[in-house]
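# Structural overview for review
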Amino acid sequence: MPDVWRDLSSAGFVSGHGYAKALRTVKTCVGKEWCRFGTQDSTGLGIQLERLTWGSWMPHKFKIAVSGCPRNCAEATVKDLGVVCVDSGYELHVGGNAGIKVRVTDFLCKVATEEEVIEYTTAFIQLYREEAHYLDRTAPWIERVGLTYVQRRLIEDPMGRVELAARFTHSQKFSQTDPWAERASGKEQHEFAPVLELS
Ligand code: SF4
């Protein structure tokens, strides 16, 4: 595995959070560049979101998807945060889960620009990181605190939303390291030391 991680890392891929309680790979559809139904650049937005949020440790795994139109090929409405692009902007959905117990997202709000998508996404992640219990996915967390509470924090309190997003951005400066790349590079005392060395 370290050889695989080394190859991936040297090709620019981050693999160390594939099993972590952190952001998983952002899923997108092909978007307006390649699909006649596309309304926005879902692929480019997904890449932006992933670059900003990978390595962000969470109470549990966290999935994001961006669909280029309401046909929703990226299945954004069963993700922890889903973006559904429409002609006039971006619908933001939260609290979905496609596991054993499927939960469709709640509609949070609609925004007009990619910058707003990024601000609301990072603020939502930070609120979840600060207030959910360890091992809470967003679905049970939102069911416990209520969608109106999340809307109050993110929509009715713009200054609070900006501050949440700023705290997230600040913390990312210290967390975007790929632990498996460190392991592959031979770093000692990396995070994933073997429990037992077999001879
Ligand atoms: S979600 Fe819409 S834009 Fe994206 S691939 Fe499907 S039909 Fe095309």
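Each value, and the rule that gives it
- Residues numbered from 1 in each chain as written.
- Predicted model: local features only at pLDDT ≥ 70, side-chain atom pairs only at ≥ 80, totals over all residues.
- Heavy atoms only, no water.
- Pairing = 2+ DSSP bridges.
- Helix = DSSP H or I, 4+ residues; strand = E, 2+ residues; numbered from the N terminus.
- Contact = heavy atoms within 4.5 Å.
- Axes fitted to C-alpha atoms, helices over the stretch in contact; angles between N-to-C directions.
- Near = heavy atom within 4 Å.
- Nonpolar A, V, L, I, M, F, W, Y, C, P; charged D, E, K, R; others polar.
- Expected span 1.5 Å × (residues − 1).
- Buried < 20%, exposed > 50% of the residue type's maximum accessible area, 1.4 Å probe, protein only.
- Arc of directions from axis to C-beta.
- Core = buried A, V, L, I, M, F, W, Y, C linked by side-chain atoms within 4.5 Å.
- Patch = residues over 30% accessible without salt bridge, like charges linked within 9 Å, V, L, I, M, F, W, Y side chains within 5 Å.
- Areas by Shrake-Rupley, 256 points an atom, 1.4 Å probe, with all protein chains shown as cover.
- Salt bridge = Lys/Arg side-chain N within 4 Å of Asp/Glu carboxyl O.

### Focus: the sheet that holds strand 1 (residues 27-28)
- What the five strands build is an open sheet, ordered 1-2-3-4-7; its pairing is mixed. A single partner strand is all that each edge strand has here, and the edge strands are strand 1 and strand 7 (106-111).
- Across two bridges, strand 1 lies against strand 2 (residues 64-67) in parallel orientation. Paired with Lys27 across the bridge in strand 2 is Ala65.
- The strands that helix 2 (residues 42-53) touches are strand 1, strand 2, strand 3 (81-86) and strand 4 (89-94); relative to strand 2, the one it contacts most, it runs at about 160°.

### Some remarks on the site of the ligand
- In the vicinity of the ligand, the residues found are Cys29, Val30, Cys35, Phe37, Gly38, Gly68, Cys69, Arg71, Asn72 and Cys73.
- Taken together, the residues of the shell around the ligand break down into six nonpolar, three polar and one charged.

### A short note on helix 2
- Here helix 2 contains twelve residues, and its C-alpha end-to-end distance of 16 Å stays within 8% of the 16 Å for a straight helix at 1.5 Å per residue.
- For helix 2, the complete set of buried residues consists of Ser42, Thr43, Leu45, Gly46, Leu49 and Thr53. Buried residues in helix 2, looked at end-on, bunch into an arc of 160°, giving them a common side.
- Tucked into the core, helix 2 has its buried residues touching strand 1, strand 2, strand 3, strand 4, helix 3 (114-131) and helix 6 (158-175).
- Positive phi appears at Gly55, one or two residues downstream of helix 2, with a value of about 80°.

### Brief notes about the environment of Tyr19
- Checked against the element boundaries, Tyr19 lands in the loop between helix 1 (2-10) and strand 1.
- According to the relative accessible area criterion, Tyr19 is exposed, its value standing at 71%.
- Each C-alpha atom of the pair Tyr19 and Thr122 lies 21 Å from the other, and the pair is 103 residues apart in sequence.
- Beyond its immediate stretch of four places on either side in the chain, Tyr19 contacts Arg24 and Trp180.

### A few points about the nonpolar core
- Counting 35 residues, the largest nonpolar core has Phe62, Val83, Phe124 and Val150 as its most contacted members.
- With residues up to four places along the chain from it excluded, the contact list for Val150 reads Leu108, Phe124, Leu127, Trp141, Ile142, Val145 and Ile155.
- Formed by five residues, the second largest nonpolar core is a distinct cluster that contains Ala65, Ala74, Ala76 and Val84.

### Points about the pairing of strand 4
- Taking burial as the measure, the six residues of strand 4 include five buried ones, the bulk of the element.
- Sheet topology note: the strand 3/strand 4 ladder contains six bridges and is antiparallel. Of the residues in strand 4, the one forming a bridge with Val83 is Leu92.
- Counting the residues in the hairpin turn of strand 3 and strand 4 gives two residues.
- Where strand 4 meets strand 7, five bridges bridge the pair, whose relative direction is antiparallel. Across the sheet, residue Val94 finds its bridge partner in strand 7, namely Asp106.

### Quick look at a nonpolar patch on the surface
- A grouping of Met1, Val4, Leu8 and Phe13 is seen on the molecular surface, where their side chains present a nonpolar patch of about 400 Å² in accessible area.
- Take Val4: it is sitting in helix 1.
- Residue classification places Val4 among the partly exposed positions, given a relative accessible area of 42%.

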